[in-house]
Amino acid sequence: MIRMLHRTAAILVSAVATWMALPSAVAETPLQQRTADSSSYSGTTNAKALGDPGTLAAGGSHTCSITDAGAIKCWGLGGALGNGSTTNSTTPVAVSGLTGASVLALGNSHSCAMVAGGAVRCWGDNSSGQLGNGSTTSSPTLVAVSGLTGATALALGDFHSCAIGVGGAMRCWGWNAYGQLGNGSTTQSQSATPVAVSGLAGATALASGGAHTCAMVAGGAVRCWGWNGMGQLGKLFQDPVAVQMHEAVDFVLAGPRRRVPAVRPDRRRRGVGTVEG
């Protein structure tokens, strides 16, 4: 059994498969029981040579998995696969030089992984500095995120990246046109190295959408920042804003340009609630 994660869905399956264009009218039957039918999806593809898949994550144009051995394999858009090539691949290829991965997160066309000691390695598109290595040159191979150690969690938006560091401090890097970095400004449209999220401490979990991020802090409170075109932050600030949940939550999920659902400790879904201020 593996855990399959996507920005818009979470399913448990016994084999790895990918699919497209599933209409809402199709019954939610187990994926492996569906037959290939163009009215429901374009077909399934076994991810051959994946090898003991663990966590599976899907980005905008590629998919990756951490194997039980701590290696990462990816497939999809060339340049985003971490194997040094810019050629697309329909089968999993190993991310070169990466071992001991424990956390994996994918953006639109970039990826980051946490390795031993909380160091973070990223690869793929770097047009907005989302790899965090002080450059805006894309890299089909691993680069180290500058000045970041002791990371405990990762989340990637389309073109920005965030991590929880030592003591629950939050740092983000990449595109900042909508305040995705949480440092109170959009004047600097991007940052190729991590910057501190203003006024946020004690973060225990985080999630990023296309251009916004939310973090959970002590007591189950939620703070969000970034793009707010759909009201996903509750008010038009780039600093983290408090989301009143009415009761504690134990994790948050954020999708591109969507409100943030929250799950209570008893695992029943609850809406965002009102925003203070």
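Before any of the text, the structure's been laid out above.
Residues numbered from 1 in each chain as written. Predicted model: local features only at pLDDT ≥ 70, side-chain atom pairs only at ≥ 80, totals over all residues. Heavy atoms only, no water.

Thoughts on the sheet that holds strand S12 (residues 160–164)
Point 1. Spatially, S11-S12-S13-S14 is the arrangement adopted by the four strands of the open sheet, whose pairing is antiparallel. Every other strand in the sheet has two partners, leaving strand S11 (153–156) and strand S14 (190–196) as the edge strands with one partner each. Going from strand to strand, the sheet's axes swing by 10 degrees on average, the running direction of each strand aside.
Point 2. As judged from the four bridges shared by S11 and S12, these two strands associate in the antiparallel manner. Residue pairing for S12: Ala153 is matched across the bridge by Ile164. (Pairing = 2+ DSSP bridges. Helix = DSSP H or I, 4+ residues; strand = E, 2+ residues; numbered from the N terminus. Axes fitted to C-alpha atoms, helices over the stretch in contact; angles between N-to-C directions.)

Regarding the sheet that holds strand S10 (residues 139–144)
By way of backbone hydrogen bonds, the strands of a sheet pair with one another, either parallel or antiparallel.
Point 1. Spatial strand order, S7-S8-S9-S10: four strands in an open sheet with antiparallel pairing. Bordering the open sheet on either side are strand S7 (103–106) and S10, each of which pairs with just one other strand. In this sheet, neighbouring strand axes are inclined to one another by 15 degrees on average, regardless of whether the strands run parallel or antiparallel.
Point 2. Relative to strand S9 (residues 120–124), strand S8 (residues 110–114) runs antiparallel, the two being bridged by five bridges. The residue bridging Met114 from the neighbouring strand is Val120, located in S9.

Re the side chain of Asp125
Point 1. Inspection of the secondary structure assignment puts Asp125 in the loop between S9 and S10.
Point 2. Polar contacts involving the side chain of Asp125 include one to the main-chain amide nitrogen of Ser127, which spans 3.2 Å.
Point 3. A polar contact is formed between the side chain of Asp125 and the side chain of Gln130, at a distance of 3.0 Å.
Point 4. Those residues within four positions of Asp125 in sequence are excluded, and the remaining contacts are Ser109, His110, Gln130, Leu131, Ser138 and Phe159. (Polar contact = N/O pair within 3.5 Å; in protein donor to acceptor, adjacent residues only side chain to side chain. Contact = heavy atoms within 4.5 Å.)

Some thoughts on the state of the cysteines
Here, disulfide denotes a covalent bond that connects the sulfur atoms of two cysteines.
Point 1. Enumeration according to the criterion identifies four disulfides in this entry.
Point 2. Sulfur-sulfur distance for the disulfide between Cys112 and Cys122 comes to 2.0 Å. Looking down the S-S bond of the Cys112 and Cys122 bridge, the torsion is 105 degrees, so its handedness is right-handed. Linking Cys112 in strand S8 with Cys122 in strand S9, this pair joins segments that are ten residues apart in sequence. We note that Cys112, like Cys122, is buried.
Point 3. Disulfide pairing places Cys214 opposite Cys224 at an S-S distance of 2.1 Å. Linking Cys214 and Cys224, the disulfide has an S-S dihedral of approximately 110 degrees and is accordingly described as right-handed. (Disulfide = S-S within 2.5 Å. Buried < 20%, exposed > 50% of the residue type's maximum accessible area, 1.4 Å probe, protein only.)

Here we look at the nonpolar core
Generally speaking, a soluble globular protein has its nonpolar side chains buried in company with each other.
Point 1. The biggest cluster of nonpolar side chains holds 16 residues, and the ones touching the most others in it are Ile72, Cys74, Leu98, Leu104 and Trp123.
Point 2. Counting 15 residues, the second-largest nonpolar core is a separate cluster that includes Ala155, Cys162, Leu200 and Ala203. (Core = buried A, V, L, I, M, F, W, Y, C linked by side-chain atoms within 4.5 Å.)

Section: the pairing of S9
Point 1. Buried residues dominate S9, accounting for four of its five residues.
Point 2. Pairing of S9 with S10, which is carried by three bridges, proceeds in the antiparallel orientation. Bridging from a neighbouring strand, Arg121 pairs with Ala144 of S10.

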